[in-house]
Structure formats: C-alpha cells, structure tokens
Amino acid sequence: MSGAVIEHLDRGPLDRDELAARVARDIPAGSYVNLGIGQPTTVADHLRPGSGVVLHTENGMLGMGPAATGDQIDLDLINAGKAPVTELPGASYFHHADSFAIMRGGHLDVCVLGAFQVSGRGDLANWHTGAPDAIPAVGGAMDLAIGAKSVFVMMTLFAKDGTPKLVRECTYPLTGVGCVDRLYTDVAVIAFGPRGASVLETYGIAASRLVELLDVPLIDISAAD
Amino acid sequence: MTEICATTDEAVAGIEDGATVLVGGFGLAGMPSALIDALIRQGATNLTVVCNNAGNGDTGLAALLAAGRVRKVVCSFPRQSDSWVFDRLYREGRIELELVPQGNLAERMRAAGAGIGAFYCPTGAGTLLAEGKETRVIDGREYVLEHPIHGDVALVKAHVADRMGNLVYRKTARNFGPVMATAATSTIVEVHRLVEPGALDPEVVVTPGIFVDRVVVTGDQGDPA
C-alpha cells in the first residue's frame, strides 16, 4: 500500500454518528455483513439505500430489516441484541448451526465489532474485562472474529481516562488473535496487514502526534512500497 | 414414534435428577416456557442446563435457576440486563458456569446429534476459552479440539407439529431448536398447533419427526401470529 495519510485537521474527532457513517462508507455494495451488538448496530442506519448490503444476524436470519416499531413488533423476530427487528423481501431463516457455519465458514464479507482493546498485531479483546466479579459472556464474538473475510472494529481510540485502547499487548482476555483488518476510531482509521498497523486517516489530530500518544509501532504508509 | 402428550406435565415426566437438559431459545424467542414451568413442577434437580442464555427476568429458565434446581449452566451469553437470578447465584458460588462461544455451543450439539466424536474448530484459538484444550495446526491455522454436547433431554419450542413429529418453526424463534432436537436422548417439543399427517408440506419440514419423542400443544399463548 502506498500513499499519504489523509489528515482531517480542519475538524475535531468523529462523533458516534459520524464514526458509524465512516464505517458504512467502507462496506462494499452487495456484501453480506454482520453488525455486532451495541454501537456497530448503528452502522446499518448509514448504509446507502440501494447498496444491496444483506445483513446477517447470528440468531438465524439473512435479510434483516430495520428495528420494528408499533404493530411490526413480533417477539419471534429479534436481532442479536434481542431487540425486535423486521424482515426484508428475500429474507431467510435458519438454525444456529447453519448461522454459525455462515459466520465461521468465511461466508460473511464483513463483520463490525466493538472492542475494549486492539493490539498492534490486530489481536482483539472485546468479551471480558477479566475483573474477578465480572460475569463473562462471549456470545458469537469469537466466531465472528475468526470467521468473517474482513473484520472491522469500531471504538474510541482512548478510554475516558486517556489510556490508549490500541496497545502493544492486550491486557484484557483475547477474543481472537491477529484477526482485526481495520480499526475505525473517533480520531483515526488504522489498517492491519502482515507487516503491522498503519494509520490511513486521522480526524482532528496529526498522524505524527498520534504516533507520540500510542505505544504501538505504526508503519509509515507514505514510505511503504 | 412420536408421542402426543395431553399436558406439559405428561410431556416432562421421567426427567431424572442430574440430567443434562438442552433448552432452546435465544433470549425469549423460542424459549420453551411451558415445558420449563412443567419441569419446575416435576421436581428434577441437580440439573445441567445447556442454553444460549442463563435466564431472563424471574420466569422460565430464571425461575428454574431460582428454585435451586440447576447445578451447572453451559451457555454463551449469561450476562444480560435482566439476568439477575443467574448473576446472584454465580456471584454466590452456587452455580457452575461453562462459558462456550455461541457457534461452538451449536456445533458441539450438532456433532452430538450427527455421531461425530469431536472436531477441530478455529473459534477461540489462542484465547482463555481454549486453555487446556488440545490444539492442532492444519494448513497453517490453529484449531481447537471440541467435544460433542449430548443431552439426556431437549426442551424445544416449535410453531407447528404434525402427528408424525415433523416440525416447522417461526422466524428467529427457530434458533437452537433444530440442533438441540438432534442432540438429546429424548426430545420434548411444545408447539402452538398440531396438525394431521399430510398437512405440512414435506418440503418445508425443518425438523423431521425421527428427532422428536414427545409433542405437547400449548396453544397460541404468546404467539403473535
């Protein structure tokens, strides 16, 4: 990959809505996509009408439509977050073993997941804080992390206390090893490849400043072949 | 042959103390609530429950847990906004948890039903949930050896059954039902409706009657269709 980092310095960081829109922009038309629970679910609101993106939900459906309201609510038709949704024309239902064959078997083009931490090698930690009183729950995160053709992660780059969430080694238990392809954050878009992590884009911060704030080796894409 | 039971109490008769019970449902969609209520009345205890979640609110599976009848839960996502019954028992050390990635939960039951001795799966490789498990590198990728989960009993909710035990489900309430039906020594199904043989199109049957031991009609209660 060659070219320069795109720095958007005339603005601040992306807000949550803008971040979801930024992720949506990189989802190819016509792809099969799974959006994780929580913030990734909001990416659906930013997909272009007519993009032909087909949404998969782990609890057994392709062709999932928007959230159900009013009379549309049917408790037998829910998404992975257990919220009522709708079905689009051409939808299909299937059981859990088939649903996870879709996820694990490399049939999904893109999945979008949230994260506690991502390492410079693309390791993902998003299921457990490891705290002694925490009740662990993993759901389908580990299957998605290793199964989708492209794994996108969205999170803020820094925790509320300023600690970076892109780290040299994850301190939280891992969800998957070296599985992240793209990291979308409020201040930077970062790609992971065989040679490591590289900043593609920044928002409201210079790439050189970002390098100072992170304890992670970042490839300079402008110098790459 | 499939037995048609007059009541849910008849349907759950004979479930023994210490049994492993596969319980269908993803959240409340597909949850066999009438059979769980019958199991609470029936009295079997020291159970191992295999279910995606560990109960919602105070009814159904949560009520079975609250009654102190479950020794161990095998599930992928116990922690939910309304999982206070499980959370309390877990924090008090009164219930054992085996946390299983959701796809492994489905596939391990599929393996049990399909006569597979064990299988290598990439999900969870290099994580806490693979610790102590045998691993193997196949074509350069690490896989984890996963063993089948057999049930003594499966409790499943379907939409319609015929008297042969053939089942169809409804929307995302299908989820684990078809897989669990194959994986238990005795599969007990609650349905909204029972029809005569020939009334279901054989092309649309999801679970063939050979996997179904007992059927009980619980009517359209909670069925929005």
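Residues numbered from 1 in each chain as written. Chains lettered and ligands numbered in written order. Predicted model: local features only at pLDDT ≥ 70, side-chain atom pairs only at ≥ 80, totals over all residues.

Participant: Can you lay out the overall build of chain B for me, pointing to particular residues and giving the numbers?
Facilitator: Check the secondary structure of chain B and you find 6 helices and 12 strands. Its C-alpha radius of gyration of 18 Å places chain B within 12% of the 17 Å reference for a compact globule of 225 residues. Seen along its three principal axes, the alpha-carbon backbone of chain B occupies a region of about 50 × 45 × 30 Å. Partitioning the contacts of chain B with sequence separation of at least 6, the portion at a separation of at least 24 is 76%. (Helix = DSSP H or I, 4+ residues; strand = E, 2+ residues; numbered from the N terminus. Rg over C-alpha atoms; globule rule 2.2 N^0.38 Å. Contact = placed C-beta atoms within 7 Å.)

Participant: An account of the overall build of chain A is requested, with residue identities and associated values reported.
Facilitator: A count of helices and strands for chain A gives 4 helices and 14 strands. The dimensions of chain A, computed from C-alpha atoms along their principal axes, are 50 × 45 × 30 Å. Taken over 225 residues, chain A has a buried fraction of 45%. Counted over contacts in chain A with a minimum sequence separation of 6, partners at least 24 positions apart contribute 63%. (Buried ≥ 20, exposed ≤ 12 C-beta atoms within 10 Å, placed from the backbone.)

Participant: Run through the sheet that holds strand E7 (residues 117–119) of chain A, naming residues and quoting values.
Facilitator: Pairing within the open sheet is mixed, and its 3 strands lie in the order E8-E7-E10 (chain A). Both outer strands of the open sheet, strand E8 (124–125) and strand E10 (166–167) of chain A, are each paired with one neighbouring strand and no more. (Pairing = 2+ DSSP bridges.)

Participant: Just give me the short version of the nonpolar core, but keep the residues and values in it.
Facilitator: A general feature of soluble globular proteins is that nonpolar side chains tend to end up buried together. One finds A:Leu113, A:Leu124, A:Val153, B:Ala154 and B:Met180 to be the most contacted residues of the largest nonpolar core, which totals 137 residues. It is strand E9 (residues 151–162) of chain B that contributes the most residues to this core, 6 residues altogether. With sequence-adjacent residues up to four places away left out, A:Leu113 is seen in contact with A:Gly36, A:Pro40, A:Leu124, A:Asn126, A:Ala141, A:Leu144, A:Ala145, A:Val151 and A:Val153. (Core = buried A, V, L, I, M, F, W, Y, C linked by C-beta atoms within 7 Å.)

Participant: Please provide a residue-by-residue account of the interface of chain A and chain B, values included.
Facilitator: Counting from both sides, the interface comprises 31 residues of chain A and, opposite them, 37 residues of chain B. The set of elements that each furnish at least two residues to the side of chain A that touches chain B consists of helix H2 (96–104) and helix H3 (141–147) of chain A. Among the elements that make up the side of chain A that touches chain B, the one with the highest residue count is H2(A) (5 residues). Of the residues in the side of chain A that touches chain B, the class split is 17 nonpolar, 7 polar and 7 charged. (Nonpolar A, V, L, I, M, F, W, Y, C, P; charged D, E, K, R; others polar.)

Participant: Mind laying out unusual backbone geometry, listing which residues take part and the relevant values?
Facilitator: Residues and elements named next belong to chain B. Despite not being glycine, Asn46 shows a phi value in the positive range, around 60°. Note on placement: Asn46 falls in the loop between helix H2 (33–42) and strand E3 (47–50). Despite not being glycine, Lys171 has its phi angle at roughly 50°, a positive value.

Participant: Lay out the confidence of the model for chain B with the relevant residues and their values.
Facilitator: The share of residues in chain B with pLDDT of 70 or more is 97%, and the mean pLDDT across the chain is 96. As scored by the predictor, the complex reaches a pTM of 0.95 and an ipTM of 0.95. (pLDDT = per-residue confidence, 0-100.)

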